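A structural walkthrough
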Amino acid sequence: MTIFVDMDDVLACTYEKHIELYNKEYQQQLSLAQIESGEVWQNVPEPHQDSIRKHASQIGFFTDLEPKKDSQQVMEILCQKYNVYIATAATLFPNSMKEKSEWLDKYFPYITWQHRIMCGHKHILHGDLLIDDRSLNLKDFVGDTLLFDSPHNQHETEYTKVYNWLDIAERLL
Ligand SMILES: [Mg+2]
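All figures in this text were calculated on a predicted structure; none of them were measured in a lab.

A common measure of how large an interface is: the accessible area buried when the components associate. Per the domain assignment, the segments of the chain are domain 1 (2-13 + 65-172) and domain 2 (14-57). One C-alpha centre belongs to domain 1, the other to domain 2; they are set 22 Å apart. Class assignment for the residues of the side of domain 1 that touches domain 2 results in five nonpolar, four polar and three charged.

Further remarks concern the packing of helix α1 (residues 14-26) against helix α2 (residues 46-53). Their axes nearest at 10 Å, the elements α1 and α2 cross at an angle of 125°. For the element pair α1 / α2, the angle class is oblique. The handedness of the crossing between α1 and α2 is right-handed. Contact residues: His18, Tyr22, Glu25 and Tyr26 in α1; His48, Ser51 and Ile52 in α2.

With that settled, consider the environment of Asn95. Tracing the backbone shows Asn95 in the loop between β2 (83-88) and α4 (96-107). According to the C-beta neighbour criterion, Asn95 is partly exposed, with 15 such atoms within 10 Å. Counting along the chain gives 19 residues from Asn95 to Glu76, while the straight-line C-alpha distance between them is 27 Å.

Cut-offs applied
- Residues numbered from 1 in each chain as written.
- Predicted model: local features only at pLDDT ≥ 70, side-chain atom pairs only at ≥ 80, totals over all residues.
- Domains from an automatic or database assignment.
- Nonpolar A, V, L, I, M, F, W, Y, C, P; charged D, E, K, R; others polar.
- Axes fitted to C-alpha atoms, helices over the stretch in contact; angles between N-to-C directions.
- Helix = DSSP H or I, 4+ residues; strand = E, 2+ residues; numbered from the N terminus.
- Parallel < 35°, antiparallel > 145°, perpendicular 65-115°, else oblique.
- Left-handed = near helix turned anticlockwise from the far one by under 90°.
- Contact = placed C-beta atoms within 7 Å.
- Buried ≥ 20, exposed ≤ 12 C-beta atoms within 10 Å, placed from the backbone.

This is the structure:
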């Protein structure tokens with residue numbers, strides 16, 4: 001079985017990094033717990049939205065993201081059992097490619113370069129399962145899909161949802 005795993009907001013706490021940067025930029029106290037739905041930028045006053053939308057283009061944005069809880073342990077076992085590939089739409093932010101490679105070296109060293117796909121559209125991938133937080137990526141994927149929970153996908157009902165990495169472990173291990 002071939003499994004593709006997204007990075008941002010599946011392996012890495014990207015959403016939280018947007019909040020952290022926003023709080024620093026505007027001296028705010030926004031927290032994940034306060035956000036019910038939507039993108040981070042949709043949860044701040046309009047004059048602040050543009051700066052959040054530019055975060056991912058900043059050098060270093062992807063360097064120090066926290067790994068999602070339990071992701072490192074569960075992925076290690078998944079990699080022993082299945083044919084697992086990282087599938088990240090890194091070409092959207094060209095600067096991110098090196099940062100993402102180094103981040104994987106640090107937190108997921110057992111996933112070697114042969115198993116890292118830095119891509120654009122994910123529907124070009126052929127495999128059995130795609131785990132992603134964006135329904136846009138799952139929509140045209142030919143195999144099975146799991147939607148990783150995020151505030152921005154609270155209203156998605158079309159896909160099987162997973163809420164954390166223990167949830168994934170329960171389904172796949
Ligand atoms: Mg993602």
